[in-house]
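Listed below are the residues making up each chain.
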Amino acid sequence: MEQVSLQTHGNSEKAPLDRLIEEHFSPEQLKRGLVATDMDGTMFKNDLGLLVFVESLCEPRFWHYGPKKMKKLLIPPAYEELLVKGSNGETPDLPMEECKKALVLREDIILLYEVYCSLSRKGKKPMEKRPVVIEFARKMIELDRLIMGLEPHWRSHFNGQLLMRTRFFSANKKKSIDRLIRTTLARNDMDDPNRFLALRTFPKHQESLGQSMELKDLDPIDRVIQVRKEIEMILRTFHIEHGLRTVVVTTNFDQIAKEVTQNEPYDFLKTEKRRNVKGTIVKTHESKPKRNRCEPKEYYTSRLLNVPPLGEEKRCIAQEAARRRQRILLVACGDSLAGDGAMGLQAMENGGVFIVAGDKYDETRAKFEPLSVEAVQKGVKDAANKIWYAISE
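**Q** Which parts of the structure should I look at to understand unusual backbone geometry?
**A** Note: most peptide bonds trans; most residues except glycine with negative phi. Residue P265 is bonded to the preceding E264 through a cis peptide linkage, with omega at 0 degrees. Within the secondary structure, P265 is located in the loop between helix 12 (254–260) and strand 7 (277–279). The phi torsion at Q326 lies on the positive side, around 55 degrees, for a residue other than glycine. Relative to the assigned elements, Q326 resides in the loop between helix 13 (310–324) and strand 8 (328–334). Backbone geometry at D382 places phi at a positive 55 degrees, although glycine is not the residue there. Structurally, the position occupied by D382 is in the loop between helix 16 (369–377) and strand 10 (387–391). Taking the relative accessible area as the measure of exposure, D382 reaches 46% and is therefore partly exposed.

**Q** I keep staring at the layout of surface pockets and nothing clicks. Help me out?
**A** Empty space within the largest pocket amounts to approximately 780 Å³. Lining the largest pocket we find 34 residues, and of these D47, M148, E151, T251 and N252 sit closest to its centre. Among the secondary structure elements, those contributing two or more residues to the lining of the largest pocket are helix 3 (48–57), helix 7 (131–149), helix 8 (151–157), helix 13 and helix 14 (337–349). Across the lining of the largest pocket, the residue classes tally to 13 nonpolar, nine polar and twelve charged.

**Q** Where do I start with the pattern of salt bridges in this structure?
**A** Side-chain pairs of opposite charge can arise where the charged atoms are in close proximity. Taken as a whole and assessed by the stated rule, the structure comprises 25 salt bridges. The partner of K314 in a salt bridge is D38, and the shortest N-O contact between them spans 3.0 Å. Of the two residues, K314 is situated in helix 13 and D38 in the loop between strand 3 (33–37) and helix 3; the sequence distance between them amounts to 276 residues. Residue R165 pairs with D144 through a salt bridge whose shortest N-O separation is 2.8 Å. Of the two residues, R165 sits in the loop between helix 8 and helix 9 (174–185) while D144 sits in helix 7, which places them 21 residues apart along the sequence. Using a relative accessible area of 15% as the deciding quantity, one classes R165 as buried.

**Q** What's the story with the packing of aromatic side chains in this structure? I'm lost.
**A** How two aromatic rings sit relative to each other is set out by the distance from centre to centre and by the angle between their planes. One pass over the full model with this rule turns up 14 aromatic pairs. A ring pair is formed by W63 and F168, whose centres lie 5.7 Å apart and whose planes are at 55 degrees; its orientation type is tilted. Pair noted here: W63 is in the loop between helix 3 and helix 4 (67–74) and F168 is in the loop between helix 8 and helix 9, with a separation of 105 residues, a long-range link. Owing to a relative accessible area of 5%, W63 belongs among the buried residues under this scheme. The class of F168 is buried, set by a relative accessible area of 2%.

**Q** Just to check I follow, could you spell out the sheet that holds strand 3 for this structure?
**A** Hydrogen bonds between backbone groups are what pair the strands of a sheet, and the pairing can be parallel or antiparallel. Spatially, eight strands are ordered 2-1-10-9-8-3-6-7 in an open sheet, and the strand pairing comes out mixed. Each of the sheet's edge strands pairs with one partner strand only, and the pair in question is strand 2 (15–16) and strand 7. Pairing geometry for strand 8 and strand 9 (residues 353–358), over four bridges, is parallel. Note that in strand 9 the partner of V331 across the bridge is V353.

Cut-off values and rules
Position numbers for residues start from 1 in each chain and track the written sequence from start to end. Per-residue local features of the predicted model are confined to residues with pLDDT of at least 70, and side-chain atom pairs are confined, for both listing and counting, to 80 or more; whole-chain, interface and lining totals are unaffected and use all residues. The basis for every side-chain value is the complete set of non-hydrogen atoms in the structure, without hydrogens or water. Helix and strand definitions here come from DSSP, where helices need a minimum of 4 consecutive H or I residues and strands a minimum of 2 consecutive E residues; each element is numbered from the N-terminal end. Throughout, exposure labels follow a simple rule: accessible area from a 1.4 Å probe, protein chains only, divided by the maximum for the residue type, with under 20% read as buried, over 50% as exposed, and the rest as partly exposed. In this analysis, the protein atoms alone were mapped onto a 1 Å grid. Cavities are point sets where a 1.4 Å probe fits without being able to get out; pockets are open sets with protein on both sides within 12 Å along at least five of seven lines; lining residues have an atom within 4 Å of a point. Grid points are joined across faces, edges and corners, and a volume is the space filled by probe spheres set on the points. Each residue receives one of three labels: charged for Asp, Glu, Lys and Arg, nonpolar for Ala, Val, Leu, Ile, Met, Phe, Trp, Tyr, Cys and Pro, and polar for the others, Gly being one of them. By definition, a salt bridge exists where a carboxyl oxygen of Asp or Glu is found within 4 Å of a side-chain nitrogen of Lys or Arg. Pairing of aromatic side chains here covers Phe, Tyr and the six-membered ring of Trp, requires ring centres within 6.5 Å, and sorts the geometry by plane angle: under 30 degrees stacked, over 60 edge-to-face, intermediate tilted. Strands are treated as partners if at least two bridges between them are detected by DSSP.

Rendered as structure tokens:
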């Protein structure tokens with residue numbers, strides 16, 4: 001197996017993974033260990049949830065809603081009421097311009113959607129090259145970004161509830177979503193002429209399709225899946241050579257993570273019942289699913305109601321996964337201080353290590369300096385050498 005080298009928080013010199021493992025763990029520890037890893041930004045450089053969403057936007061057959069239902073999915077009634085108040089200046093903590101923009105975007109999207117759903121796949125031009133599809137996708141992504149940017153306000157007004165983009169998947173059968181995910185994962189050719197997707201708005205649609213808002217061209221979206229080879233090799237080493245169990249703890253749509261562990265290069269994590277994936281979506285407000293549809297807990301509006309903040313929740317999930325397997329959380333992998341830091345600190349307190357994925361050592365180390373300080377304050381011995389950095393060249 002190809003060897004990978006890492007740096008630590010206390011030493012910028014690269015050291016082989018095998019040497020670090022030998023220095024930090026006894027064989028007895030490893031026999032009882034569990035690895036918990038984040039997915040987006042850690043196992044992969046890109047956000048798979050966004051890429052699956054983009055893939056769906058270029059596939060009209062994926063969308064089964066009438067305009068009225070689509071309008072409610074874009075901005076559910078309770079959120080609409082709050083945005084209207086924000087746009088009128090009645091809710092001081094909400095940014096007025098963002099609220100106005102979200103409401104206008106929704107109206108533009110609905111007008112595009114009625115045309116979008118009627119498009120035929122016949123003809124030489126691919127769907128993703130057609131102006132209506134391009135503008136629909138551009139405005140859907142813009143609304144998605146606005147919704148995510150308003151996340152702190154959703155938390156305060158809706159008791160921590162989040163509005164998930166996976167709400168748009170609720171009209172599809174599980175096998176349809178799996179097919180969409182597999183299509184996304186199959187994009188692995190760096191030389192693919194269709195690798196980058198350029199999205200924009202078209203001035204002609206202001207008159208012909210009643211569009212009110214013109215947006216800046218979006219930077220081309222790179223649709224090729226980029227595996228973090230360093231993390232892949234680290235997980236392989238712990239899982240195959242040292243026998244540690246591995247669980248993927250993700251805030252993404254857990255169906256995506258489950259499909260990831262069934263396919264290369266992470267198929268060595270495959271389990272028969274896919275119990276090696278744990279998602280953080282725990283509460284929804286969707287009606288009961290129709291037969292053969294995805295379970296509502298996997299998509300609609302929220303992740304948390306009366307549960308800990310995101311990082312703490314991932315820590316709890318990782319600890320519980322270890323407890324159920326009668327193991328110890330010994331290794332945590334992540335790329336986000338807020339999202340993965342608590343999970344990493346727990347592994348360090350358990351006598352293990354936190355492996356951080358990044359692109360530049362100095363920048364990544366600086367980002368995680370607060371965690372090193374907190375670890376020392378909590379009595380973790382040799383804390384600086386228990387944070388390891390897997391830096392992509």
